[in-house]
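# Topology and contacts: notes
The chain contents come next:
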Amino acid sequence: MRFQPVIGLEVHVQLKTDSKIFCGCSTRFGAEPNLNTCPVCLALPGALPVLNQKVVEFAIMAGLATNCSISPTNIFARKNYFYPDLPKGYQISQFDLPICLAGHLDIAVGDQTKRIGITRIHMEEDAGKLVHGQGGGSGVDLNRAGTPLLEVVSEPDMRTADEAVAYLKKLYQIVTYLGICDGNMEEGSFRCDANVSVMPVGSGTFGTRAEIKNVNSFKFVKAAIEYEIARQCELIEDGGKVVQETRLFDPNKGVTRSMRGKEEAHDYRYFPDPDLVPVVISDDWIKRVKNELPELPEVKFNRFLTEYSLPEYDADVLTSSRPLADYFEQCAQTCNNAKAAANWVMGELTRSLNDNGIAIEDSPVSPAQLAGLIKLIDGGTISGTIAKKVFEDLWKNGGEAAAIVEQQGLAQVSDTGAIETAIDQIMAANMGQVEEYRGGKDKVFGFFVGQVMKAMKGKANPAVVNDLLKQKLAG
Ligand SMILES: Nc1ncnc2c1ncn2[C@@H]1O[C@H](COP(=O)(O)OP(=O)(O)OP(=O)(O)O)[C@@H](O)[C@H]1O
Ligand SMILES: [Mg+2]
Ligand SMILES: [Mg+2]
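The structure displayed is predicted, hence computed values, not measured ones. (Residues numbered from 1 in each chain as written. Chains lettered and ligands numbered in written order. Predicted model: local features only at pLDDT ≥ 70, side-chain atom pairs only at ≥ 80, totals over all residues. Heavy atoms only, no water.)

## Looking at helix H2 (residues 161–178)
Helix length check: H2, at 18 residues, gives a terminal C-alpha distance of 26 Å against a target of 26 Å (1.5 Å per residue), a fit within 8%. Gly179 lies just past H2 and shows a positive phi near 75 degrees. (Helix = DSSP H or I, 4+ residues; strand = E, 2+ residues; numbered from the N terminus. Expected span 1.5 Å × (residues − 1).)

## Things to note about the layout of surface pockets
Over the atoms, a rolled probe matching the size of one water molecule traces out where space is still vacant. There is about 1,300 Å³ of room inside the second largest pocket. In terms of lining, the second largest pocket is formed by 35 residues, of which the most central are Lys169, Gln173, Asp316, Thr319 and Ser320. Secondary-structure elements contributing two or more residues to the lining of the second largest pocket are strand E6 (100–109), strand E7 (112–125), H2, helix H5 (297–308), helix H6 (312–318) and helix H7 (322–335). The greatest single-element share of the lining of the second largest pocket, amounting to 8 residues, is contributed by H2. Split by residue class, the lining of the second largest pocket holds 13 nonpolar, 11 polar and 11 charged. (1 Å grid on protein atoms, 1.4 Å probe; cavity = no way out; pocket = protein on both sides within 12 Å on 5 of 7 lines; lining within 4 Å. Points joined across faces, edges and corners; volume = space filled by probe spheres on them. Nonpolar A, V, L, I, M, F, W, Y, C, P; charged D, E, K, R; others polar.)

## As for unusual backbone geometry
Although it is not a glycine, Asn214 adopts a positive phi angle of roughly 50 degrees. Among the structural elements, Asn214 can be located in strand E12 (residues 210–215). By relative accessible area, which is 46% here, Asn214 ends up partly exposed. Within the chain, Ser309 stands out as a residue other than glycine whose phi angle is a positive 50 degrees. Note on Ser309: relative accessible area 60%, which makes it exposed. (Buried < 20%, exposed > 50% of the residue type's maximum accessible area, 1.4 Å probe, protein only.)

## Notes on the coordination of the magnesium ion (ligand 3)
Within the protein, Glu10 (OE), Glu10 (OE), Glu211 (OE) and Glu211 (OE) serve as the donor atoms for the magnesium ion (ligand 3), at 2.2 to 2.7 Å. Coordination geometry of the magnesium ion (ligand 3): the 6 donor atoms subtend angles of 52 to 158 degrees at the metal centre, consistent with an arrangement described as irregular. The metal-metal distance between the magnesium ion (ligand 3) and the magnesium ion (ligand 2) comes to 3.7 Å, with Glu10 coordinating both. You can see Glu10 sitting in strand E1 (residues 3–14) and its partner Glu211 sitting in strand E12, a full 201 residues away along the chain. By the burial criterion, Glu10 is buried, and Glu211 matches it. (Donors = N, O, S within 2.8 Å, 3.2 Å for Na, K, Ca; no water. Tetrahedral: all angles 85-135°; square planar, octahedral: opposite > 155°, others 65-115°.)

## Let's talk about the coordination of the magnesium ion (ligand 2)
Coordination sphere of the magnesium ion (ligand 2), protein contribution only: Glu10 (OE) and Glu151 (OE), at 1.9 to 2.0 Å. Judged by its relative accessible area of 15%, Glu10 is buried. Residue Glu151 is classed as buried on the basis of its relative accessible area, which comes to 6%.

## Things to note about the domain arrangement of the protein
Domains assigned within the protein are domain 1 (3–285), domain 2 (295–407) and domain 3 (416–474). Here the C-alpha centre of domain 3 lies 65 Å away from the C-alpha centre of domain 1. (Domains from an automatic or database assignment.)

## Some words on the pairing of strand E5 (residues 90–93)
Each regular strand displays side chains that alternate between the two surfaces of the sheet. Burial of the side chains of E5 extends over both faces: Tyr90 and Ile92 are buried on one face and Gln91 and Ser93 on the other. Sheet topology places strand E4 (residues 77–80) next to E5; 4 bridges connect them, and they run antiparallel. Across the sheet, the residue bridging to Ala77 is Ser93, located in E5. (Pairing = 2+ DSSP bridges.)

## A word on the site of ligand 1
Lining the immediate surroundings of ligand 1 are 18 residues, of which Glu10, Lys79, Ser154, Pro156 and Ser197 lie closest. Here an oxygen atom of ligand 1 sits 3.0 Å away from a polar atom, N or O, in the side chain of Glu10. Within the backbone of Gly207, a nitrogen or oxygen atom sits 3.1 Å from a nitrogen atom of ligand 1. Broken down by secondary-structure element, the contributors of at least two residues to the shell around ligand 1 are E1, strand E10 (148–154), strand E11 (190–200) and E12. Top element by residues in the shell around ligand 1 is E1. It accounts for 4 residues. Split into classes, the residues belonging to the shell around ligand 1 amount to 6 nonpolar, 5 polar and 7 charged. (Near = heavy atom within 4 Å. Polar contact = N/O pair within 3.5 Å; in protein donor to acceptor, adjacent residues only side chain to side chain.)

## Notes on the packing of H7 against helix H9 (residues 367–378)
The interhelical angle for the contact between H7 and H9, taken along N-to-C directions, is 40 degrees, at an axis separation of 8 Å. As the angle between them shows, H7 and H9 are arranged oblique. Here H7 runs over H9; the crossing is right-handed. Residues Tyr327, Gln330, Cys331, Thr334 and Cys335 of H7 touch H9, and the partners they reach there are Pro367, Leu370, Ala371, Ile374 and Lys375. Tallied by class, residues from the contact of H7 with H9 come to 7 nonpolar, 2 polar and 1 charged. (Axes fitted to C-alpha atoms, helices over the stretch in contact; angles between N-to-C directions. Parallel < 35°, antiparallel > 145°, perpendicular 65-115°, else oblique. Left-handed = near helix turned anticlockwise from the far one by under 90°. Contact = heavy atoms within 4.5 Å.)

## Examining the packing of aromatic side chains
Taken as a whole, this structure holds 14 aromatic pairs when the rule is applied. For the pair Phe220 and Phe249, a centre-to-centre distance of 5.9 Å together with 50 degrees between the ring planes defines the contact as tilted. Of this pair, Phe220 sits in helix H3 (residues 218–237) while Phe249 is found in strand E13 (residues 245–250), placing the two residues 29 residues apart along the sequence. The class of Phe249 is buried, set by a relative accessible area of 12%. Among the aromatic residues, ring-to-ring pairing joins Tyr81, Phe95, Tyr268 and Tyr270 into one connected group. Note that Lys79 overlies the ring of Tyr268, its terminal NZ or CZ placed 4.5 Å from the centroid. The ring of Phe218 has Lys169 lying over it, and the distance from NZ or CZ to the ring centre is 5.5 Å. (Phe/Tyr/Trp six-rings, centres within 6.5 Å; stacked < 30°, edge-to-face > 60°. Lys NZ or Arg CZ within 6 Å of the ring centre and 35° of its normal.)

Structure below.
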């Protein structure tokens, strides 16, 4: 039997606000356990939540950027369940009236684009965290309790693990561009629940879904979904039935395991939270947020194509993150050579940053410094080969490219006299190759260029070397 997989994602986006969603406690990660707490997030009797306006603004931004409509009135609801990391016994979330509805994102599938529907985006609070194995038991850390989250729920529109990853990456790119999420997946700031089912090809009725909880890397999402698809197909072929359940992905073994089945599924008994008034959003507010939205990745990509005449590949790589795009633009505008800036940023700079595990925001070579180096190449002062050495020097010691070239005497020799002398000597020492070249073996030309460059310690102007060599070899 052939099966068609069906995938829908629920993504939890942790919002980059200073304080929690319903109280003034700090959201800082890594503080001493239970330091960032107060009667509201500890759920002490009588404490009342007050909504953080920034959370609503961030939700509107996310909704607009994902083509959703913003609900002018939306309400918070209590999602009831018991777990020791949830002191109130319910999570404040949104249920039937969420803040954003009916959006979509377009993803690239091969050379086509595919539209993935976004059912809803709602605001909610995070739970605390259990810390096991300390002092012989388990402890609870409520620093995270009340941290603001957006849950972005997709339609079951994806058909392969790769489509799911493409959607996830697109969403990640958008929320980090918007600056509403720090994007730190290891710390759980962007994590997803993957819903997976399979149906016989052509059946038209979706199969029963399993939900893989809290996957926090693109690689794991792909592995988890692929494993789950294979598991369900095999199960059905063996005459079994997929049961609706929650599963966990084990990244070490690459398998998913049942966590709880439908029988143990929660009845959340959702109802409107009587402690919070409805959120009313005016048209003016939406307009203001819309006007202040930063340039989004797709728009930036298209602008890079037209404004800098970059190839699609370059524009795609350079707009993959906002700091990378900003770095490129500053460099390109300073050196006035966009393609060279693109090559250096995607090549030498990215390689050095990766090798040293440094984020581009902390690059030891600034856009202006790199632009200075590119100007020296464009002006014919140094060759590309020497430029790589200068870059290394900039990376290690800072300073300015022009000063380094000057101090170390790296400027390229365009003086024809010095180059001619070198050519004459090399031709005299390699008469055999000279004859071969004159006999029609053009390839030998490269040999001569190499020899001359070597003799000139890489500092000869390549264009001048080429011209002179052609003249002299022609005899
Ligand atoms: N048959 C199916 N196969 C795969 N995915 C599905 C299927 N049916 C629904 N989905 C996806 O499952 C997800 C359901 O998320 P939703 O938040 O609506 O409910 P939930 O998972 O029941 O609730 P909770 O937020 O408590 O986890 C959506 O992303 C939807 O696209
Ligand atoms: Mg959900
Ligand atoms: Mg779910």
